[in-house]
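A look at the structure
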Amino acid sequence: MNLRRSMLIGSASLATLGFAAGQALAADADSSTTVSEIVVPGIRQSLEKAIEIKRVSENSVDAVSATDIGKLPDKNVADALQRLPGIGIQGASGGEGGFDEADRVSIRGTSPSLTNVTVDGHDVSTGDWFILDQYSVVGRSVSFTLLPAEIVQNVVVYKTQDASQIEGGVSGTVDIQTRNPLSLGKNAFTFEGSAEAAYNSNGGEWKPQLNGLIGWHNADNTFGAILQGFYEQRSVVRYGQEVLGWQPITSGMATGAAIPSLVGVNVPTLIGSSLFEQERTRAGVTGSVEWRSSDDRAEMKLSGFYSHLNATNHNSNYMFFGVNPNVGEWNTNVPTSYTVKDNSVVAASFPLHAGSDGIVSDSINRPDETAESYYVNLDTKFKLTDRLTIRAQLGYTHGVGDTPRQPSFEADGPTAISYMQSGNGFAISPTQINPQSPNGLAADWVWNARFTSVDKEWYGKIDGEWDVDSGVFKSVEFGVRFADHTRKVDGWDRGCSLGGTAANPVCWTTAMPFADTNPISYPPGFNAGALGIPGLLVPIYGDPKTIEAIINRINDGVHGPISAIVQPLNYYWLGAFKVKETDVDGYIMAHVGGNGWRGNFGLRVVSTDENPYVNVSDPAGTNPADITSSAYGPYYIDHVHHNYIDFLPSVNFTFDLQRNLLLRLSAAETMSRPDFSSLGGTVSLTDLILTGSGGDPNLKPVKAAVFDAGLEWYYAPTSLAAVSVFYDDLSSYVGFGDNPGVYFDQLTKSFQTYTISSPFNISGQLEGVEVQVQQPIGWGFGFQANGTYIDGHDASGAPLIGTSRWTGNLVGYYESHGVSLRLAYTYRSHFFVGLDRASPESQANFGTLDASFAYQVLPNVALTVDAVNITNSLLKYYGANTTQVRAVYDNGTQVFLGIKVKF
């Protein structure tokens with residue numbers, strides 16, 4: 001507690017020093033009339049709205065308005081939020097690597113799972129389209145790929161907590177505020193629409209993007225309705241090189257036995273030339289009906305939202321085969337030369353060896369992979385007396401991530417091969433085999449899978465506000481909330497060898513040449529120049545339609561029948577779980593204020609009843625509750641129950657040091673609950689290297705004491721200079737450690753000991769500073785700039801998930817004579833992503849340049865051009881250190897041409 005008190009005192013001292021500097025700057029500003037004469041109609045309106053939200057709030061917030069989103073090339077809410085200080089975005093939830101639009105949001109260096117996301121103040125369930133996120137890494141974060149930017153009126157990011165806010169955000173909350181029918185304007189009818197064509201430079205295709213809104217309200221503006229629809233296609237083509245993990249050489253490997261000095265040195269398990277192709281369609285509707293009485297004493301709003309993402313995709317990987325329990329270069333072959341750096345073999349050459357498979361080619365198909373989210377919500381407000389107002393909210397939200405099938409195929413073959421670090425990744429050179437044809441490759445593995453993740457919640461709350469207006473006490477808020485949440489994951493998976501033994505049955509009665517899969521080449525755009533890897537392996541892959549047909553047919557008339565080992569699928573209990581949570585909250589909070597100051601203080605009490613249903617491996621098969629019919633070994637279902645109560649006090653004060661100069665001081669206890677997959681105890685195994693990741697149903701919630709101090713200077717209507725310092729004392733965090741676990745290995749058809757990376761509770765801390773400036777210059781020009789520095793780690797010194805040391809934005813704009821132009825550069829330094837295939841993964845420094853242009857051809861019609869990732873910046877990932885390259889991705893540049901109308 002002494003440390004926390006010192007932090008607040010130190011923050012206040014810093015703010016006082018800033019005040020002295022602010023007075024000098026204010027004197028200069030008052031002597032100039034240039035700023036007040038600038039008129040920037042569209043952009044200025046949005047900036048003023050965002051600044052007004054920030055200025056009047058009792059808490060520390062940042063905001064983005066609807067006009068702001070419309071003026072930037074941002075196609076979902078996360079893309080728009082990245083412009084704010086202290087906000088980091090990710091293009092993926094887990095270790096699948098980023099794609100061409102933002103998917104997750106983190107606040108002030110915390111994991112996206114510790115960011116609470118609400119819509120109009122209530123929870124929203126989510127679904128993930130990528131298969132690993134459906135069962136392996138099932139967090140509490142919301143997928144922003146389901147949230148188009150067009151649905152938004154405002155987005156408010158709360159960086160300090162008060163007692164009235166729903167718990168779940170350790171460092172903050174993102175509240176998406178949708179449009180209201182009675183706030184559309186003076187006209188009875190409102191229509192807004194846009195038609196765009198979306199282009200991806202890798203795929204070279206144009207796709208349609210359509211949005212429309214119609215709203216109506218009656219003459220006295222007491223009843224209205226709004227309906228909005230969206231249909232957005234895009235072609236996603238990602239070129240990449242992937243290293244699917246690093247593993248130490250053991251004495252049992254051929255390399256370790258022949259070269260003892262290499263035992264314990266890390267080697268790449270698989271190095272692949274990866275091609276991801278996807279046709280993505282986001283479609284949905286949102287709407288509301290709103291009523292209020294003529295005397296403004298009663299209000300009611302019924303709203304709904306539905307978003308569906310079809311994410312059909314095909315993923316191919318043509319790989320150097322490094323480690324495998326049975327084959328692979330390191331296991332059965334000995335390099336003729338090698339180079340070690342940072343305890344990792346970064347270059348090696350292998351001779352041709354009949355006992356090893358130097359090349360392996362995967363072709364993974366996921367037809368009709370989808371995600372969806374919807375909610376129905378009722379808000380009411382009644383002013384019972386002149387002093388007492390009651391608000392109530394009731395709703396249901398539902399999200400689904402579904403992979404209905406995953407027909408996939410693998411081929412391999414022996415070859416002499418070498419690799420070395422070059423450019424961004426590894427240059428690979430095979431010999432003895434033609435990498436541009438199927439000659440020398442034979443089919444060896446086929447599999448299929450289905451996974452479904454369902455996320456649903458019933459919620460309700462009643463809040464009251466009593467207008468006290470006595471001395472420093474202005475009002476008192478109070479309320480209770482109930483939420484019943486369920487996250488359930490089910491999976492079915494099965495594969496078989498195409499050349500096995502009696503213990504490992506075959507799918508076909510005879511061998512199948514790779515040529516029978518109708519192999520085709522990667523597209524011409526996939527080249528070494530794009531990724532900066534000279535000598536990148538030139539790959540081939542199986543035709544998706546042919547592979548799906550082969551796997552799903554009973555008898556192809558040539559190679560014999562496919563046995564039942566592939567169809568029907570077996571229940572994959574290792575990745576299945578159910579977690580039920582019932583939360584009951586109550587709070588009381590006082591709003592206080594006086595001459596030159598205002599604030600709030602209160603207490604929120606949260607009761608969590610947690611019920612994970614965990615599948616537990618039982619290799620011995622002796623538990624009376626064992627389910628023994630699974631192909632993945634005997635297991636039983638363990639019902640774990642926990643109940644805990646958390647007390648979350650909070651205090652927020654704002655002081656008017658001068659008319660336009662504010663000092664904010666805040667402190668709060670915050671909490672979030674662990675990821676659902678962690679509580680569910682799911683296990684994701686990589687049989688090739690006997691590793692995996694698992695959960696722990698006994699994890700405690702993440703708790704933190706959060707402190708914030710900020711100085712804000714509003715020196716003109718569209719101008720702002722601000723600085724904030726913050727400190728989070730994470731008394732309970734979630735880290736990762738390795739533990740052994742015994743599971744049934746599908747390759748050897750026997751129980752094996754795996755190295756399982758599991759979560760555990762540990763303390764940690766992070767601290768940082770945010771700086772932002774927003775300034776019109778003149779003649780229609782202006783700029784926004786912000787930067788954030790954060791230092792964070794857990795008690796062991798390991799990095800926190802999602803903590804970038806530096807994030808920053810620089811936005812320049814021009815708007816005059818019907819022309820609107822913006823350039824936006826966003827930068828985020830490296831950060832720890834989490835675990836991928838039980839190995840640590842970090843994303844390297846990344847910066848992107850985006851642009852938007854609009855020309856008002858008619859008062860109600862504008863032509864638009866937006867460009868995302870103009871410089872085609874690459875996404876890069878690494879493992880335990882930067883030497884251990886994990887992935888390099890090229891998502892290309894996205895261009896959007898369109899027309900927008902508004903009446």
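Notes on the structure follow. Throughout this document, residue positions are counted from 1 along each chain, in the order its sequence is written. Residue-level local features of this predicted model are given only where pLDDT is at least 70; pairs of side-chain atoms are given and counted only at 80 or more, and the full residue set underlies all totals for whole chains, interfaces and linings. To obtain the side-chain values, all non-hydrogen atoms of the structure were used and water was disregarded.

This brings us to the overall build of the protein chain. Here a strand is any run of E in DSSP of at least two residues, a helix any run of H or I of at least four, and the numbering for each starts at the N terminus. The helix and strand inventory of the protein chain stands at 11 helices and 47 strands. In what follows, a contact means two residues having at least one pair of non-hydrogen atoms within 4.5 Å. Taking contacts inside the protein chain between residues at least 6 apart in sequence as the whole, the part at least 24 apart equals 73%. A 1.4 Å probe and the Shrake-Rupley method give the accessible areas. Residues count as covered only by the protein chains that appear here. If you sum the accessible surface of the protein chain, you get close to 32800 Å²; carbon and sulfur atoms cover 59% of it.

Within the secondary structure, His-314 sits in strand 14 (residues 298-321). Classification of residues uses two cut-offs on accessible area relative to the type maximum, computed with a 1.4 Å probe and protein chains only: under 20% is buried, over 50% is exposed, and between them is partly exposed. Overall, the relative accessible area of 6% leaves His-314 in the buried class. N or O atoms closer than or at 3.5 Å make up a polar contact, with two conditions inside protein: a donor-capable atom paired with an acceptor-capable one, and, for residues adjacent in sequence, both atoms drawn from side chains. At 2.8 Å, the side chain of His-314 forms a polar contact with the side chain of Ser-316. Setting aside its immediate chain neighbours within four residues, His-314 contacts Leu-275, Phe-276, Glu-277, Ser-363, Ile-364, Asn-365, Tyr-541, Gly-542 and Pro-544.

It is worth spelling out the nonpolar core at this point. As used here, the term nonpolar core means buried Ala, Val, Leu, Ile, Met, Phe, Trp, Tyr and Cys residues forming a set that is joined through side-chain atoms within 4.5 Å. Judged by nonpolar contacts, the single largest core of 42 residues is most densely connected at Phe-320, Trp-330, Val-345 and Tyr-419. Residues within four places of Tyr-419 in sequence aside, it is in contact with Pro-268, Ile-271, Phe-320, Trp-330, Val-345, Val-346, Ala-347, Ala-348, Phe-426, Ala-427 and Ile-428. Val-170, Leu-699, Tyr-754 and Ile-762 belong to the second largest nonpolar core, which has 36 residues in total.

This paragraph deals with the pattern of salt bridges. A pair is scored as a salt bridge if a Lys or Arg side-chain nitrogen falls within 4 Å of a carboxyl oxygen belonging to Asp or Glu. By the definition in use, this model includes 41 salt bridges. Note that Glu-841 is salt-bridged to Arg-886, the shortest N-O span being 4.0 Å. Placement of Glu-841 in strand 42 (residues 839-843) and of Arg-886 in strand 46 (residues 885-890) is noted, with a sequence separation of 45 residues between them. Arg-886 matches Glu-841 in its accessibility class, with the two residues each being buried. Each of Lys-54, Asp-62, Arg-108, Lys-159, Arg-664, Asp-708, Glu-712 and Glu-770 takes part in a single network of salt bridges with overlapping partners.

Take unusual backbone geometry next. Positive phi values are uncommon outside glycine, yet Asn-343 reaches one of about 60 degrees. Topologically, Asn-343 is positioned in the loop between strand 15 (337-341) and strand 16 (344-350). By relative accessible area, which is 41% here, Asn-343 ends up partly exposed. The phi dihedral of Asn-872 falls on the positive side, at around 50 degrees, and the residue is not glycine. Mapping Asn-872 onto the fold places it in the loop between strand 44 (861-868) and strand 45 (875-878).

It is worth spelling out the sheet that holds strand 1 (residues 61-65) at this point. If you walk across this open sheet you meet the 5 strands as 1-6-7-4-5, and the pairing is mixed. Strands at the two margins of the open sheet, each flanked by one partner only, are strand 1 and strand 5 (122-123). Sheet topology note: the strand 4 (residues 116-119)/strand 5 ladder contains 2 bridges and is antiparallel. Its bridge partner being in strand 5, Val-119 is matched across the sheet by His-122. Two strands are counted as paired when DSSP detects at least two bridges linking them.

Here a pair means two rings of Phe, Tyr or Trp (six-membered ring of Trp) with centres within 6.5 Å. Their orientation is stacked below 30 degrees between planes, edge-to-face above 60, and tilted elsewhere. Evaluated as defined, the whole model comprises 32 aromatic pairs. Here Tyr-135 and Tyr-572 contribute two aromatic rings whose centre-to-centre distance is 6.1 Å and whose plane-to-plane angle is 80 degrees, an arrangement assigned as edge-to-face. Of the two residues, Tyr-135 is situated in helix 6 (residues 131-135) and Tyr-572 in the loop between strand 27 (570-571) and strand 28 (577-594); the sequence distance between them amounts to 437 residues. Assigned by exposure class, Tyr-135 and Tyr-572 land together as buried. The ring of Phe-276 is capped by Arg-238, whose NZ or CZ atom sits 5.6 Å from the centre of that ring. We call a charge positioned over a ring when the NZ of a Lys or the CZ of an Arg lies within 6 Å of the ring centre and within 35 degrees of the ring normal. Lying over the aromatic face of Phe-831, Arg-828 brings its terminal NZ or CZ to 3.6 Å of the ring centre.

In this section: the pairing of strand 20 (residues 408-413). Counting buried positions along strand 20 yields 6 of 6 residues, so the element is predominantly enclosed. Of the two faces of strand 20, both are covered, the one formed by Ser-408, Glu-410 and Asp-412 as well as the one formed by Phe-409, Ala-411 and Gly-413. Summarising the sheet, strand 20 and strand 23 (residues 442-470) pair through 5 bridges and their orientation is antiparallel. For Glu-410, the partnering residue across the bridge sits in strand 23 and is Trp-445.

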